[in-house]
Amino acid sequence: MRSPFPTSLLFLSVRAHCFSPHLSNRHSPLALFAAQLQKSSVCKDVATGTAIHAIALKLGYGDQLFLNNHLLNFYGKCQLIQNARQLFDEMPQRNVVSWTALMAGYVHCGQGYEALQLFPEAKKGGAWVNTFTFATAINACSVLADVHDGLKLHGQAEIEGYVSNLVVGSALVDMYGKCGLVDHARRVFDEMAVKNIVTWTSMISICAQNGRGPEAIQLFAALQARNLVPNEYTFATVVNACASLGYLGAGKLSHALIIRRYCDTNEVVSSALVDMYPKCGCLNYAMKVFRRVADPKLIQWTSIIMGHAQHGLGHAGLQLFDEMLARGIQPNDVTLVGVLYACSHSGLVNRGEEVFDSMYRVYGVIPDTKHYTCMVDMLGRAGRLDDAEDLIQTMPMAPDVLLWGALLSASRSHGRLELAIKAAENLIELNQQLASTYVTLSNMYASVGRWSDAVRIRREMKIRGIRKEPGCSWIEVKSKTYVFFAGDQSCVHEGEIITVLQELEKKMRENGYVADRSLVFHNVEEEAKEEILGFHSERLALAFGLINTAEGSVIRILKNLRMCSDCHEAFKLISEIVSRDIIVRDVNRFHHFGNGSCSCGDYW
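Residues numbered from 1 in each chain as written. Predicted model: local features only at pLDDT ≥ 70, side-chain atom pairs only at ≥ 80, totals over all residues. Heavy atoms only, no water.

Student: Break down the overall build of the chain for me, citing the residues and quoting the values.
Tutor: Regarding its fold elements, the chain presents 31 helices and 6 strands. Its C-alpha atoms give the chain principal-axis dimensions of roughly 100 × 55 × 50 Å. Counting all 604 residues of the chain, 49% fall into the buried class. At a minimum sequence separation of 6, the contacts of the chain that also span at least 24 residues come to 63%. With the model as given, the accessible surface of the chain reaches about 28800 Å², and the carbon-plus-sulfur share is 53%. (Helix = DSSP H or I, 4+ residues; strand = E, 2+ residues; numbered from the N terminus. Buried < 20%, exposed > 50% of the residue type's maximum accessible area, 1.4 Å probe, protein only. Contact = heavy atoms within 4.5 Å. Areas by Shrake-Rupley, 256 points an atom, 1.4 Å probe, with all protein chains shown as cover.)

Student: Kindly report on a nonpolar patch on the surface, identifying the contributing residues and their values.
Tutor: Taken together, the side chains of Tyr 113, Val 143 and Leu 144 define a hydrophobic patch exposed on the protein surface, amounting to about 280 Å² of accessible area. Looking at where Leu 144 falls in the secondary structure, it is placed in helix α8 (residues 131–144). Judged by relative accessible area, Leu 144 falls into the partly exposed class, the value being 37%. (Patch = residues over 30% accessible without salt bridge, like charges linked within 9 Å, V, L, I, M, F, W, Y side chains within 5 Å. Salt bridge = Lys/Arg side-chain N within 4 Å of Asp/Glu carboxyl O.)

Student: Lay out the side chain of Asp 586 in plain terms, naming residues and giving numbers.
Tutor: Structurally, the position occupied by Asp 586 is in the loop between β4 (582–585) and β5 (590–594). There is no salt bridge for the buried Asp 586, and the closest opposite charge comes from Arg 562, which lies 5.6 Å off by N-O distance. One polar contact links the side chain of Asp 586 to the main-chain amide nitrogen of Arg 589, over a distance of 2.8 Å. If we ignore the near neighbours within four places in the chain, the residues touching Asp 586 are Lys 559, Leu 561, Arg 562, Met 563 and His 591. (Lys, Arg positive; Asp, Glu negative; His and termini not counted. Polar contact = N/O pair within 3.5 Å; in protein donor to acceptor, adjacent residues only side chain to side chain.)

Student: Which residues make up the sheet that holds β5, and what values do they have?
Tutor: A sheet is described by the order of its strands in space; here 6 strands give the open sequence β2-β1-β3-β4-β5-β6, paired in mixed fashion. What marks the edges here is a single partner per strand, and that holds for β2 (480–485) and β6 (597–598). Here strand β3 (residues 555–559) runs beside β4; their pairing, made up of 4 bridges, is parallel. Residue pairing for β4: Arg 556 is matched across the bridge by Ile 583. Of the strands in this sheet, β3, β4, β5 and β6 are in contact with helix α31 (residues 565–577), which crosses β5 at around 35 degrees. (Pairing = 2+ DSSP bridges. Axes fitted to C-alpha atoms, helices over the stretch in contact; angles between N-to-C directions.)

Everything listed here is a matter of geometry and, on its own, says nothing about what the molecule does.
Laid out in structure tokens, this is it:
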């Protein structure tokens, strides 16, 4: 009959009979049990760990503090927190390691509140809390995003002199980051006497995730200056920062360092690179990185599919999706968002509907609001606004901000004022008083001559203190970023920029260009309307790029708002006039202009 325990456990059991319970040398049963429990904790081997516990009890080791602490650690890491709590309550002796192990178990299981309750109990129970206990309590605040208790623990750590400790300091940095207090995290980070690569990576990640990408990149440079060796998570974090900013130069430099460290095929790093290059306008680079990975995982397939979707290359994205399925890799909810996004931005409505209808039936994924938003966006772009409205009315969950925003955008594009009003009212009802909602509604009223309604909406914006985000674009030249705002003629090289724009305007008119004055709805002279359009931020950035980049090189521009249709037409003509490829990343997608056309096929 086959033994219910692994061979190694039978060996341990036999060895255990040869020793007295009081022996403590490195060959004793306690040491052997502890070593095996550590292995079981790492590989989440529940069967072996629980069997060791049973054997230990049978052999009379149930009162051994050393072994019980290892068991607490094992149960916590395997997320068997009830087992850990029962063991803890039955332990005849406890020390600070016991309390810390149970607290860590609760944190590992996402039960931060229970972990925090144990911290004062440990002190009352006579345990002399150490740096690891403090760090574990702070980690509980991170899980809960509880800055109130986190601040109190920070104060206690200051009093007891633990803040300068590496473990406690790193925990505080992480906690403040999870609570969105970047300045607090940076202050603790700067005051730490000793930092390791985990601390640096945490601080870089906090900056990158909180809209402070340039600071994240500066920290990465400071890390290198101190001759610290980045790990795969550090590299992935800084690459993500480059992606969010569209900093191609910094992204390429990071990639070079990654190759030098032989990390380019690491799953985490390669996924970040595959995500970064499309966001910086280099889809071909992303494909090169992707094809170098011998066995791409789901996250890498998802990134490359999403990259093609963002660039309007829906057919290529769907081919990659089919290739992924042929390799036996099943999509998750994020992958299917990418596929639907690809269909939406390429007008592939029939394929999009097929994918949506098969989500649960074929892939076992229940559609959520993100998938419904893609469908509403797809139907809206195709002019099927009634179908989009029907889908909203029949969906099993409440529509969110993004979904109503998609309907509003489609209603604006197709001139459906009544639907635009409905979408805008729902956005306002959700307390999402976004400036773009009011501006879109005001402009739509103006476009049909309802000036009094347009003025009313603008007045309401003023009363509520809602301001339209100024349009801005930025361009990277020789590893330096230059930002331009709409209508700002006092920018760098303003004289040359205005001259270039005027020359381009003249050549565009010779090629049949007529400015779309309908985009400027206020009662201003026709000539003034054209001047307003001529100084949109992306045009200023383009002129700067033409002046300061090598002839024939690609010009890459990023914009914080949606590119207007007049600038879109102008950029198509300019790409042919100057014989340059121009890539613009706006808030929705990428536009590749070249030889008088755009990659979106005017479907955007």
